[in-house]
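# Results of the structural survey
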Amino acid sequence: MQDVRELLHAENIEKYYGVADLRTQVLRDVSLSLRGGECVALLGPSGSGKSTLLQTLGLLQDADGGTLEIGGVPVIRDGKRCEGFEDNRGKNIGFVFQKPHLIPFLSVLDNVLVSVVLDHTPTSDERERARRLLAQLGMDALGGRMPSELSGGQQQRVAIARALFPEPRVLLADEPTAALDAVRGSEVMHLFRELAERTQIAVLVVTHDTRTLNAFHRVLKMADGELAEPTP
Amino acid sequence: MSLYLSGKDILADGTRVLVTGFGLGLLFTVVLAMGGIYRGMVEDAVAQAAVYAPHAPDEALWVVEADTHGPFAAPSRIDPSWGDRLAGVPGVKSVHAARSAALTLHVEGRLQPLLVVALAIDANAPPSGLQTSELPGIRAGDATLDRSANLPVGTRLSVGSEEVVVRQLAAGRLAPSGDPLLFVGDADFRKLARAGNAASLRDRRPPTANDTVPAFVVTASSSDLPRVEAALRKRPALRVARHAEQQAWMLEGAVEKARKQIGLFRTILAIVSAVILTLIVLQMVGSQQKEIALFRLMGARKIALFRFVFLKAAALVSVGATVAWGASQVAFPRFPRRVIVGTEDYILLVVAAFLLAAFASALAYRSALRVEASTLLAT
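Residues numbered from 1 in each chain as written. Chains lettered and ligands numbered in written order. Predicted model: local features only at pLDDT ≥ 70, side-chain atom pairs only at ≥ 80, totals over all residues. Heavy atoms only, no water.

Moving on, we come to the sheet that holds strand β1 (residues 60-65) of chain B. Residues and elements named next belong to chain B. Pairing in this open sheet of four strands is antiparallel, and the strands run β2-β9-β1-β10 from one edge to the other. With one partner strand each, in any of the chains shown, β2 (92-98) and β10 (238-242) form the two edges of the open sheet. Each adjacent strand pair in this sheet contributes to an overall mean axis angle of 25°, direction not counted. Here five bridges tie β1 to strand β9 (residues 215-220), and the two strands are oriented antiparallel to one another. Its bridge partner being in β9, Val-64 is matched across the sheet by Ala-215. (Pairing = 2+ DSSP bridges. Helix = DSSP H or I, 4+ residues; strand = E, 2+ residues; numbered from the N terminus. Axes fitted to C-alpha atoms, helices over the stretch in contact; angles between N-to-C directions.)

This is how it looks when you write it as structure tokens:
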């Protein structure tokens, strides 16, 4: 019986790069589940397939095999996209990249609202919600600034706020502290945990930094495209 | 993609949009000028012919030398005595000698000579295409000169020992060559032309005119015109043409080569403008690939992404079209040639510019979509 709090469920995910004889398998029957309120770290050496797994779970890449369900709804079945694949990426999954990739010509507040401004001019309610999100991340005074006026850590917080604004069920972060110093990196990791617990979303963070593992409920390890047994 | 987002993008990139748009606008201005110069040449050619034509061109026949397309497209020489004979043809209302010659005149108090196209006017029976204020007057030595020569009333113009004095100024009276027209009495015209020929022979230049008449303009009532035309066609020394036919000869002879040159130049400029705009838009989109990749991953629809690219290109061509309009208002009246640009030219420019912007945007959009968004943002 499926756990009702299970927001992401992946089973036997496979992924190959290259074609014909040069085909290399980068994900081998990867299965994992993420529950609401849970903050999970994904560790592994370079080339182990962490980022590929994260991008596949984030629907940024297609899988070559396996099944993926988000909120109990299948989005990948037998490696094929199901109906609503693109919509799920926009609505149910938030993604934080290694670099913040903020839009340079938008203010901090508008960057948080980018999923809205793609479609229309933000309403006052939407602006208020974005302000509240920034306040939760300790950025309430910086909404009017431009990205170039922020530090690296502040920019990454804005990127997190941007990913959270559409109220996704799952937040995926690919080495979000790679460009930050240890203190800022630790702050961001604890922020993910706090967000997961407070908003009951599932958070999966790819990281190299073993010093921040105390911020996570669980740690998953990858090697050669396979997921090792979960660490409690 | 909302206007809000595009507006922010364009404002943030305002200097580049303005400067690049300004450059594009200057290119557009030259494209406009090419068309305007050609139209000015045609207008001037038609206006020159219209000096001799009556207000009702359907009542006019041009009589020129047999086997020629004279007088504007090719040399045509008819003995002046034909004037009286033509007037005697039943049904003929009036006969005007259409004499014109390109002359190089000395301007009193100035070293630089003045090139004009002189037209002979019979002061007692002036051609109906001229305004009363443009008539050179009945006194010998009086002349009317187009304002484009920038000479005041009272200026003395001479060839050798022959001299006329500018008594009136006309507006918009230019030859297809762009030179101002000079209206003088018939006798003065002959003197100037003769002196001009002598000067030409001294300078080893081809003579410009002599005592022969290039063409006669014969008028008759529209009911009599076919009869007069039939009678004149029986004269083997002459060729008869309706006004429209003569105008077509003139445009083919005097303007056709210029039309081809200007048309080719205009086409090249239009292509250059298109290539430059496309490269600019490609470069702009190329520098925003990460933003576009992020929009794609945030779930932006394809039409919205295209609109994002197109609106910036549209802003560029809007600046360009505005600059072209402004520059044409300021610069074209100062051109030595007449440049005629109408509202339809501006509309055509705007439509073409926006189509070009759409084309360049489509190319840039395709190139942006070829990039794998997740790979781009993963770095």
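We are not done yet, so read on.
Quick look at the interface of chain A and chain B now. Quite often, the size of an interface is put as the accessible area lost when its parts meet. At the interface, 24 residues of chain A touch 24 residues of chain B. Roughly 2,100 Å² of surface becomes buried between chain A and chain B when both sides are summed, with 67% attributable to carbon and sulfur atoms. In terms of surface lost to chain B, no three residues of chain A exceed His-101, Phe-105 and Leu-118 of chain A, which account for 35% of the buried area on that side. Where Asp-110 of chain A meets Lys-8 of chain B, a salt bridge forms, and the shortest distance between an N and an O atom there is 3.4 Å. If you look at where chain A meets chain B, you find three residue pairs in polar contact (both at pLDDT 80 or more). Only α2 (85-91) and α4 (114-117) of chain A provide two or more residues apiece to the side of chain A that touches chain B. Top element by residues in the side of chain A that touches chain B is α4 of chain A. It accounts for three residues. Tallied by class, the residues present in the side of chain A that touches chain B amount to ten nonpolar, eight polar and six charged. (Contact = heavy atoms within 4.5 Å. Buried area = accessible area lost by both parts, 1.4 Å probe. Salt bridge = Lys/Arg side-chain N within 4 Å of Asp/Glu carboxyl O. Polar contact = N/O pair within 3.5 Å; in protein donor to acceptor, adjacent residues only side chain to side chain. Nonpolar A, V, L, I, M, F, W, Y, C, P; charged D, E, K, R; others polar.)

This part takes up the domain arrangement of chain B. Residues and elements named next belong to chain B. Domain assignment breaks chain B into domain 1 (3-44 + 256-378) and domain 2 (47-254). Taken together, the eight residues of domain 1 in the interface contact eleven residues of domain 2. At the junction of domain 1 with domain 2, the criterion picks out zero salt bridges. At the boundary of domain 1 and domain 2, one finds zero residue pairs in polar contact (both at pLDDT 80 or more). When residues of the side of domain 1 that touches domain 2 are assigned to their parent elements, the largest contribution, four residues, is made by helix α2 (residues 14-50). Residues of the side of domain 1 that touches domain 2, tallied by class, amount to three nonpolar, no polar and five charged. (Domains from an automatic or database assignment.)

Our next topic: the sheet that holds strand β10 (residues 218-223) of chain A. Residue and element names in this part refer to chain A. Strands sit in the order β7-β8-β9-β3-β10-β11 across an open sheet of six strands; the sheet is mixed. Of all strands in the sheet, those with a lone pairing partner are β7 (93-96) and β11 (226-227), marking the two edges. Examined bridge by bridge, β7 and strand β8 (residues 170-174) share four bridges and lie parallel to one another. Among the inter-strand pairings, Ile-93 is bridged to a residue of β8, identified as Val-170. Sitting on the sheet, helix α1 (residues 50-57) touches β3 (39-43), β7, β8, β9 (202-206) and β10, and the angle it makes with β8 is about 150°. Taken strand by strand, helix α6 (residues 152-164) contacts β7 and β8, and its axis lies near 165° from that of β7.

This part takes up the nonpolar core. One finds Phe-192 of chain A together with Phe-295 of chain B to be the most contacted residues of the largest nonpolar core, which totals 144 residues. Here this core spans two domains, and each of domain 1 (3-44 + 256-378) and domain 2 (47-254) of chain B adds at least three residues to it. Setting aside residues no more than four positions away along its own chain, Phe-192 of chain A makes contact with Cys-39, Ile-160, Leu-171, Ala-173, Pro-176, Val-203 and Val-205 of chain A. The next biggest cluster of nonpolar side chains, apart from the first, holds 22 residues, and it includes Leu-103, Val-107, Leu-145 and Val-164 of chain B. (Core = buried A, V, L, I, M, F, W, Y, C linked by side-chain atoms within 4.5 Å. Buried < 20%, exposed > 50% of the residue type's maximum accessible area, 1.4 Å probe, protein only.)

Take the packing of aromatic side chains next. In total, this model carries six aromatic pairs over all chains according to the counting rule given. Ring centres 5.3 Å apart and planes at 70° place the aromatic pair Phe-332 of chain B and Phe-335 of chain B in the edge-to-face group. For Phe-335 of chain B, a relative accessible area of 31% gives the class partly exposed. Here the aromatic residues Phe-105 of chain A together with Phe-295 and Phe-308 of chain B are joined through ring pairs into a cluster of three or more. A cation over an aromatic ring shows up here: Arg-129 of chain A above the ring of Phe-165 of chain A, its NZ or CZ 4.0 Å from the ring centre. One cation-aromatic arrangement involves Arg-85 of chain B over Trp-82 of chain B; the distance from NZ or CZ to the ring centre is 3.9 Å. (Phe/Tyr/Trp six-rings, centres within 6.5 Å; stacked < 30°, edge-to-face > 60°. Lys NZ or Arg CZ within 6 Å of the ring centre and 35° of its normal.)

Residues and elements named next belong to chain B. Look at α2 against helix α8 (residues 302-331): their axes get within 6 Å of each other, and the N-to-C directions meet at 50°. Here α2 lies oblique to α8, going by the angle between them. Considering only the axes of α2 and α8, their crossing is right-handed. For the pair α2 and α8, contact is made by Arg-16, Val-17, Leu-18, Thr-20, Gly-21, Phe-22, Leu-24, Gly-25, Leu-26, Phe-28, Thr-29 and Leu-32 and by Lys-312, Ala-315, Leu-316, Val-317, Val-319, Gly-320, Ala-321, Val-323, Ala-324, Ala-327 and Ser-328, respectively. Of the residues in the contact of α2 with α8, the class split is 15 nonpolar, six polar and two charged. (Parallel < 35°, antiparallel > 145°, perpendicular 65-115°, else oblique. Left-handed = near helix turned anticlockwise from the far one by under 90°.)

Residues and elements named next belong to chain A. Counting buried residues in strand β4 (residues 65-70) gives five out of six residues, a clear majority hidden from the surface. In the sheet, strand β1 (residues 6-17) pairs with β4 via five bridges, with the strands oriented antiparallel. Bridging across to β4, Ala-10 finds its partner in Leu-68. Where β4 and strand β5 (residues 73-77) come together, three bridges link them in antiparallel fashion. When the sheet's bridge partners are listed, Glu-69 is paired in β5 with Pro-74. Here β4 folds back onto β5 in antiparallel fashion, the turn holding two residues, of which Gly-71 has a positive phi close to 60°.

This brings us to α1 of chain A. All names here are of chain A. Extensive coverage of α1 is indicated by the burial of seven of its eight residues. Turning to α1, its buried residues are Lys-50, Thr-52, Leu-53, Leu-54, Gln-55, Thr-56 and Leu-57. Looking at the residues trailing α1, positive phi occurs at Leu-59, about 60°.

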